[in-house]
Amino acid sequence: MTTPKARPSPFDKSFPADPYPLLAGYRAECPVTRVLTPSGRPVWIVTRDADVRAAFTDPRLSLQGDQDHSGPRRRALDVSLVNYDPPHHTRIRRLAVPWFTPQRVEAYRPVAEAVAAGLLETLADRPVADLMADFAHPFSFQVMCELFDLDPAVRGDLYTWVASVFPVRDREAATAGMDRLDAFFHELTRRRLAAPGDDVLSSILRAWDPAGGVEEREVVSLGASLLLAAYETTAQVIGMSLRELLTRPADLAALRACPHALPNAVDELLRFHPPGPFATLRFASEDVPAGDAVIPAGARVLLSIAAANRDPERHPDPDLLDLDRAGAAKHMTFGLGPHYCPGAPLARLELGVALAAVLGRLPGITLVPGPARWRGNILNRGLAELLVRPHGEPPEERAW
């Protein structure tokens, strides 16, 4: 057997800017392999579509590992839904799933459209705007505030706390933000228990039976985690998708000419640029065969969504963005199996609404020339900013 050549580490700081060539090399030469983290800890990475699919549904790859989450902890948010395995994961997850059906989420389309329109209206007089700070992040946040039916008076502080967590530039501020979010959702849960409404948290609490094995702190964590996850990942998908389209005038024109193509385009964009290059870290509870390798018991494992989404065995010409691609929805951006993202219908709706709003309301929009600024790591990747001219290039000054 030929030993594959050593490849660069995915933990390099340059990885978020363009992970795909590196991942393609792993997928072709060593699709299941052991690498070292910057601290020297070993972790196995899985990159082929077939192997990633099998691993997502393999109960021997645990999200919880040997960690005991039943003891005391400082915050409810110290453990989220993704830190549990079935059956306890299933007990928590089923509280939220009924609310996130495509039919239930669709009812919020007018709400999302109104949020997008309001944000884009504020860009009308700006020569240059940052679509991340001025649109994508506030859009995803405000839509979630509407879903939680939050008082407008609290949203400013809440946005500050949420934004302090992504990315962690100031660890002290991020810790303080998490503490305030934790306290906020504890109080919100108590208020919704006393006076439920028609919002997502009230729906979760109506389905919650305190005697059913799910603790109140886990319900608090579920609500807060939904808001946090939707804020960052959805905003980054919106930003990366808009940037990709703005570099492709033909695709931009095609979508404007045929809005009915948008649903398939949404899935192709989700395939092309997933916000999480790797899924949440897993732990092998026993030896696990994967591809031509065996991941040993006790090993830490990362499943590469970005590599699987561009596997030519699943998606022909995977590095080509094809908005009409057949089978685009077979991507794994939302995961697979028991941990499939419950918010997938909402993310699809928000991305579609955001794209339609920008294309429709800013027909002359262009990118500000210059290299993209990326941020993140192997689990969360995205744009630090997305500078655009909302109304296109400024007219040349008249010569005197």
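Everything here concerns the structure above.
Quick caveat, the model's predicted, so the values are computed rather than measured. (Residues numbered from 1 in each chain as written. Predicted model: local features only at pLDDT ≥ 70, side-chain atom pairs only at ≥ 80, totals over all residues. Heavy atoms only, no water.)

Next up on the list: the sheet that holds strand E5 (residues 282–284). One open sheet accounts for five strands, arranged E1-E2-E8-E5-E3; its pairing is mixed. Edge positions in the sheet fall to strand E1 (32–36) and strand E3 (61–62), since each has one partner strand and no second. Inspection of the sheet shows E1 paired to strand E2 (residues 42–46) by five bridges, in the antiparallel sense. Its bridge partner lying in E2, Arg-34 is registered against Trp-44. (Pairing = 2+ DSSP bridges. Helix = DSSP H or I, 4+ residues; strand = E, 2+ residues; numbered from the N terminus.)

In the structure shown here, the tally under the stated rule is 10 aromatic pairs. Taking the centre distance of 6.2 Å and the plane angle of 35 degrees together, the rings of Phe-15 and Phe-278 count as tilted. With Phe-15 in the segment before helix H1 (20–29) and Phe-278 in the loop between helix H12 (262–272) and E5, this residue pair connects regions lying 263 residues apart in the sequence. Phe-278 shares its class with Phe-15; the two are buried. In this structure an aromatic cluster arises from ring pairing among Phe-148, Trp-161, Phe-184 and Phe-185. When the ring centre of Phe-272 is taken as origin, the NZ or CZ atom of Arg-310, which lies over that ring, is 3.9 Å away. (Phe/Tyr/Trp six-rings, centres within 6.5 Å; stacked < 30°, edge-to-face > 60°. Buried < 20%, exposed > 50% of the residue type's maximum accessible area, 1.4 Å probe, protein only. Lys NZ or Arg CZ within 6 Å of the ring centre and 35° of its normal.)

Now for the nonpolar core. Ranked by size, the top nonpolar core spans 90 residues in total, and within it Phe-135, Phe-139, Phe-148, Leu-158 and Leu-181 carry the most contacts. The leading source of residues in this core is helix H10 (residues 216–246), at 16 residues. Setting aside residues no more than four positions away along its own chain, Phe-135 makes contact with Ala-116, Leu-119, Leu-120, Asp-130, Ile-238, Ala-354 and Val-358. (Core = buried A, V, L, I, M, F, W, Y, C linked by side-chain atoms within 4.5 Å. Contact = heavy atoms within 4.5 Å.)

Once that is clear, we can look at the layout of surface pockets. Size it by volume and the second largest pocket reaches roughly 470 Å³. Lining the second largest pocket are 25 residues, and of these Arg-109, Leu-262, Leu-349, Gly-352 and Val-353 sit closest to its centre. Top contributing element to the lining of the second largest pocket by residue count: helix H14 (residues 344–361), with 11 residues. (1 Å grid on protein atoms, 1.4 Å probe; cavity = no way out; pocket = protein on both sides within 12 Å on 5 of 7 lines; lining within 4 Å. Points joined across faces, edges and corners; volume = space filled by probe spheres on them.)

By themselves, these observations are geometric and do not establish any function.
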